[in-house]
Amino acid sequence: MLKEEMKKIWRPGMLAVLVLLGFVYYTMFLEFHIHYFPNGPQNAGEFMVAADLVRESGTRMTDEVKKRLTQMLSKLYAEADAYVSEFAYTKQYGLTTFEEYTGFYQNAVENVAGGQAADLNAMYADAMRLSAYLTSEETGNIEGRIYGAKSILERYDAAVAGETEPDYLPGEDGEPGREYFHAQETFYGSDEAWRNILPAQVTEATSDYLGRLLVWQCLSIGILLSPLLVRDRMSRMRGLQWSSRAGRKIFTVQLKGALLSALLLNLFNLLLFGGLFLSRGSGVFFRCGMYSFLYAAFCWPNWTYGIWCAVLVLLGLLVSTGLAAAVFVLSRYSNNYIGMLLKLIPVIAAAAIFCPKLMANGFYFNNPLYLIIPLPYVEGAAAAVIFLAGVVLCVEAARKQGGMDLLEA
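Calculation criteria
Residues numbered from 1 in each chain as written. Predicted model: local features only at pLDDT ≥ 70, side-chain atom pairs only at ≥ 80, totals over all residues. Heavy atoms only, no water. Helix = DSSP H or I, 4+ residues; strand = E, 2+ residues; numbered from the N terminus. Contact = heavy atoms within 4.5 Å. Areas by Shrake-Rupley, 256 points an atom, 1.4 Å probe, with all protein chains shown as cover. Core = buried A, V, L, I, M, F, W, Y, C linked by side-chain atoms within 4.5 Å. Buried < 20%, exposed > 50% of the residue type's maximum accessible area, 1.4 Å probe, protein only. Salt bridge = Lys/Arg side-chain N within 4 Å of Asp/Glu carboxyl O. Patch = residues over 30% accessible without salt bridge, like charges linked within 9 Å, V, L, I, M, F, W, Y side chains within 5 Å. Expected span 1.5 Å × (residues − 1). Phe/Tyr/Trp six-rings, centres within 6.5 Å; stacked < 30°, edge-to-face > 60°. Lys NZ or Arg CZ within 6 Å of the ring centre and 35° of its normal. Axes fitted to C-alpha atoms, helices over the stretch in contact; angles between N-to-C directions. Left-handed = near helix turned anticlockwise from the far one by under 90°. Nonpolar A, V, L, I, M, F, W, Y, C, P; charged D, E, K, R; others polar. Parallel < 35°, antiparallel > 145°, perpendicular 65-115°, else oblique.

Some points on the overall build of the chain
Next up, step 1: Assigned secondary structure in the chain consists of 16 helices and zero strands.
Next up, step 2: Across the chain, every contact between residues at least 6 apart in sequence was considered, and the portion connecting residues at least 24 apart equals 76%.
Next up, step 3: With the model as given, the accessible surface of the chain reaches about 20,000 Å², and the carbon-plus-sulfur share is 62%.

Right under this line is the structure:
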């Protein structure tokens, strides 16, 4: 019976609809995070330098790693000097080094912004051409990598000197709250977890992407499962099922089929869209801690980036499974497709509002859900509540189903 119910769920027409909607959703909400991560040449340069440091020197920034990064910066300057001196538009200005280009670029921008003579527009255009060249794939984004190396060195020196401005939430009367003491104990203790190398754009882009992906998981599951029991009611299948002993157990079989289908669809979405995001190279930071001197926002757990990603995926599975159970129950009490649709739309709309807030910087102090309900690990509690609510709905529906007679079915 389970196999037959699975066939009713996974119909070719429904799969075609999911593929079409999935492509549209990917184009509108997911593609940007894949094609433009990291976003901008400066962020991309910092990402590239940090990734090289992790590969070559490990996950923590130390004074020894700082020396290597300083040597790397010198090599980057030498490489940039060669690019500047060889570029066609620099010869007329006598530019031979990257430092000379920096001054030239700053003057060109300031002159145009200050409304200087129109004949300086040519110099500004040449400065823009050179900047585009130094941040292009042809030069390996050399300007962005120099910026990234300098930024990492500056923020590391500031962290060592205690000059950083951490992002704490104040307690009563503006005094440091429990977040402050937790951060001091967890990340500035004897193990010096603040030394982790993890660019801010990695965690921010990951959580934002997973939040948008979770919306699609909920939407696709709702579309896949909602017609199942409505179709049985409209074709008067329930009376036939209820007339036999095996048929009276069909609710449990259909529930198993629905939850199994939701799990399979979730796994497919995660493998496909999650794999596309990982293809951008963020996996190199899996061993790095969640909090880093490169990111001012603190978090409650001291996990690695890889464990954090796994936990966020688990939260998504709990939420989407709870929603699958709720959609199944709504389908059971819908007489037609229009009625089911009117019930499904508010559920998906609520998921579209809630899911990004659940995932955005999950377990960090600046998570939107935590800012509303300031309880540590509130994200996990919220996902568990949604999952348990779905379970309770299914158990209650199964109990009522067992007490029905043939005419009520």
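Looking at the nonpolar core
Next up, step 1: With 115 residues, the main nonpolar core has M61, L69, L134, L225, F285 and F293 as its most contacted residues.
Next up, step 2: A per-element tally of this core places helix α9 (residues 200-225) first, with 14 residues.
Next up, step 3: Ignoring anything within four residues of it in the chain, the contact list for L69 reads V49, L53, M61, A149, I152 and L153.

Quick notes on the pattern of salt bridges
Next up, step 1: Overall, the coordinates contain nine salt bridges when judged by the stated rule.
Next up, step 2: Ionic pairing is found between E46 and R155, a salt bridge with its closest N-O pair at 2.3 Å. On the criterion of sequence distance, the pair formed by E46 in helix α3 (residues 41-57) and R155 in helix α7 (residues 142-160) is long-range, its members being 109 residues apart.
Next up, step 3: With relative accessibility at 4%, the residue E46 sits in the buried group.
Next up, step 4: In this structure, D52 engages R55 in a salt bridge whose closest nitrogen and oxygen atoms are separated by 3.0 Å.

Describing a nonpolar patch on the surface
Next up, step 1: Taken together, the side chains of L2, L260, L263, L264 and L267 define a hydrophobic patch exposed on the protein surface, amounting to about 380 Å² of accessible area.
Next up, step 2: At four residues, the largest contribution of residues to the nonpolar patch is made by helix α12 (residues 250-278).
Next up, step 3: Its location among the elements puts L264 in helix α12.
Next up, step 4: Residue class for L264 comes out partly exposed when judged on its relative accessible area of 40%.

Focus: the environment of M340
Next up, step 1: Here M340 is to be found in helix α14 (residues 337-359).
Next up, step 2: With relative accessibility at 3%, the residue M340 sits in the buried group.
Next up, step 3: M340 sits 111 residues away from L229 along the chain, and the two C-alpha atoms are 10.0 Å apart.
Next up, step 4: Once you skip the residues sitting within four places of it in the chain, M340 turns out to touch S226, V230, V327, L330, S331 and S334.

What about α7?
Next up, step 1: Counted at 1.5 Å a residue, the expected span for α7 with its 19 residues is 27 Å, and the 27 Å between its end C-alpha atoms agrees.
Next up, step 2: Along α7, the residues classified as buried are I142, G144, R145, I146, G148, A149, S151, I152, L153, Y156, A158 and A159.
Next up, step 3: Once α7 finishes, G162 follows within two positions and takes phi at roughly 75°, a positive value.

Observations regarding the packing of aromatic side chains
Next up, step 1: Taken as a whole and assessed by the stated rule, the structure comprises 33 aromatic pairs.
Next up, step 2: Both rings, one in Y156 and one in W194, keep their centres 6.2 Å apart while their planes meet at 25°; by these two values the pair is stacked. On the criterion of sequence distance, the pair formed by Y156 in helix α7 and W194 in the loop between α8 (178-187) and α9 is long-range, its members being 38 residues apart.
Next up, step 3: Aromatic side chains F363 and Y377 sit 5.8 Å apart centroid to centroid with 55° between the ring planes, which places their arrangement in the tilted category. Of this pair, F363 sits in the loop between α14 and α15 (368-372) while Y377 is found in the loop between α15 and α16 (378-402), placing the two residues 14 residues apart along the sequence.
Next up, step 4: Through pairs of rings, three or more aromatic residues link up here, namely Y156, F187, Y188, W194, Y291, F293 and F298.
Next up, step 5: In this structure, R332 is placed above the aromatic ring of Y333, and the distance from its NZ or CZ to the ring centre is 5.3 Å.

Focus on the packing of helix α2 (residues 12-35) against α12
Next up, step 1: It is at 11 Å that the axes of α2 and α12 come closest, and there the two elements cross at 35°. α2 and α12 meet at a crossing whose hand is right-handed. Each of L18, G22, Y26, L30, H33 and I34 in α2 lies in contact with α12, whose residues at this interface are L265, F273, L276 and F277.
Next up, step 2: Here the contact of α2 with α12 is composed, by residue class, of eight nonpolar, two polar and no charged.

Let's talk about the packing of α9 against α14
Next up, step 1: It is at 8 Å that the axes of α9 and α14 come closest, and there the two elements cross at 160°. Relative to α14, the element α9 lies roughly antiparallel. Here α9 and α14 pass one another in a crossing that is right-handed. Contacts from S207, L210, G211, L214, V215, C218, L219 and G222 in α9 reach L344, I348, A351, A352, C355, P356, L358 and M359 in α14.

In short, shape yes, function no, at least from these values alone.
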